[in-house]
Amino acid sequence: MRYVGCSQSPVSKTWTKCKQHGKVAKGKHTGRLSKTSKRQDRKLKAICLENRKCTAKQMRNKWEETGVNISKRKLQWAKERQSWTVDDRMKVIFSDESRICIGQGDDAGTFVWCHSNEIYADDCLKKTCKFPQSLMIWGCMSGNGTGEMDVITSSINAQVYIDILDTFLIPSIQRMFGVDEIIFQDDNASCHRAKTVKTFLEERHIRSMSWPANSPDLNPIENLWWKLKKMVHDKAPTCKSDLATAIRESWSQIAEEYCLSLIKSVPQRLQAVIKARGGATK
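Per-chain numbering applies: the sequence of each chain, read as written, is numbered from 1 onward. Reporting in this predicted model follows two pLDDT cut-offs: at least 70 for local features of residues, and 80 or more for side-chain atom pairs to be given and counted; totals over whole chains, interfaces and linings ignore these cut-offs and use all residues. The side-chain numbers reported here are obtained from all heavy atoms of the structure, hydrogens and water having been left aside.

Undergrad: Just to check I follow, could you spell out the layout of surface pockets for this structure?
TA: A probe as big as a water molecule, rolled over the atoms, marks out the empty space that is left. A pocket here means an open set of points on a 1 Å grid, computed over the protein atoms alone, that has protein on both sides within 12 Å along at least five of seven lines. A cavity is instead a set of points where a 1.4 Å probe fits but cannot get out; residues with an atom within 4 Å of a point line either one. Grid points are joined across faces, edges and corners, and a volume is the space filled by probe spheres set on the points. Roughly 260 Å³ of volume is contained in the second largest pocket. Forming the boundary of the second largest pocket are His192, Arg193, Ala194, Lys195, Val197, Lys198, Leu201, Glu202, Ile206, Arg207 and Ser208. Here a helix means four or more residues in a row that DSSP labels H or I, a strand means two or more in a row labelled E, and each is numbered from the N terminus. Mapped onto the lining of the second largest pocket, the elements with two or more residues apiece are helix H7 (195-203) and strand E5 (207-208). The element that contributes the greatest number of residues to the lining of the second largest pocket is H7, accounting for five residues. Residues are sorted three ways: Asp, Glu, Lys and Arg are charged, Ala, Val, Leu, Ile, Met, Phe, Trp, Tyr, Cys and Pro are nonpolar, and all the rest, Gly among them, are polar. When grouped by side-chain class, the residues that make up the lining of the second largest pocket number four nonpolar, two polar and five charged.

Undergrad: Just checking my understanding: could you explain helix H8 (residues 221-234) for this structure?
TA: Helical geometry note: an α-helix holds 3.6 residues per turn, so side chains three or four residues apart project in the same direction. The end-to-end C-alpha separation of H8 is 20 Å, in line with the 20 Å expected for 14 residues at 1.5 Å each. Residues of H8 that are buried: Ile221, Leu224, Trp225, Leu228, Lys229, Met231 and Val232. Burial along H8 is one-sided: seen end-on, the buried residues are contained in an arc of 165°. Only heavy atoms enter the contact rule, under which two residues are in contact if any of them lie within 4.5 Å. Its buried side turned inward, H8 meets strand E1 (92-101), strand E2 (134-142), strand E3 (145-152), helix H9 (240-252) and helix H10 (256-264). Helices are assigned an expected span. That span is 1.5 Å times one less than the residue count. Here's how the labels work: a residue is buried when its accessible area is under 20% of the maximum for its type, exposed when over 50%, partly exposed in between, all with a 1.4 Å probe on protein chains only. The arc in question is traced by the directions running from the helix axis to the C-beta atoms.

Undergrad: Teacher, can you tell me more about unusual backbone geometry here?
TA: Backbone geometry at alanine 236 places phi at a positive 50°, although glycine is not the residue there. Counting through the fold element by element, alanine 236 comes out in the loop between H8 and H9. By relative accessible area, alanine 236 is classed as exposed at 54%. Even without being a glycine, arginine 277 presents a positive backbone phi close to 55°. Structurally, arginine 277 is set in the segment after helix H11 (266-275).

Spelled out as structure tokens, the structure:
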């Protein structure tokens, strides 16, 4: 054994394997197949290294945020709501926040007609502003039209969000639905899912809708933001006060028929998600 530099045991095992199989190459591994790919393994390792002080629950939430389970949950969510009737969809009030910038026509789409040799001419290019003046807004809508809208002047935390819901969501529900039972939708931002917000909604007897992560394509209010930004851009505001005025005027001009058409698009959105197996859709 001193000639090969190891003990008798590995030499004996190697010789026995050679006699049985005619070779000493490593065979196929048996056992349960891995549920994660090599790419997911690298992501998991990076998450563990970056969040060493996190609890097991926090680590699991961060792992889910990478997209491993998002598609499955989004697909399941869409399948569960396939049986929604028109009345069911009309009871939902969709909400979201969005930022509108001064002079950012690209937010609403800017098109230029030009010849092929003029594509990069100065007259055909829109100059960008690195730090444009902007305002954050919160709004809600349903098949009955737009609800109340608020221009937010501070950062949003749980208490600010509760004040917004109390001041603007409650009047919107009373105006659009009266005393009928409604379903309230908002996304999974941390301030939306705070315990104090959940308590507030329960005390007001407002039923909150579960919402899959990273699913703006399921929320019809995203199309309303696009239309609103285009209307504001056409008014050409030059300062924040003008921007706030343009936002409020444009919001009041959005027709109820447009909101109803967005709500009617929900079945097509669900079918698109199911067809994409929970992936991104148009």
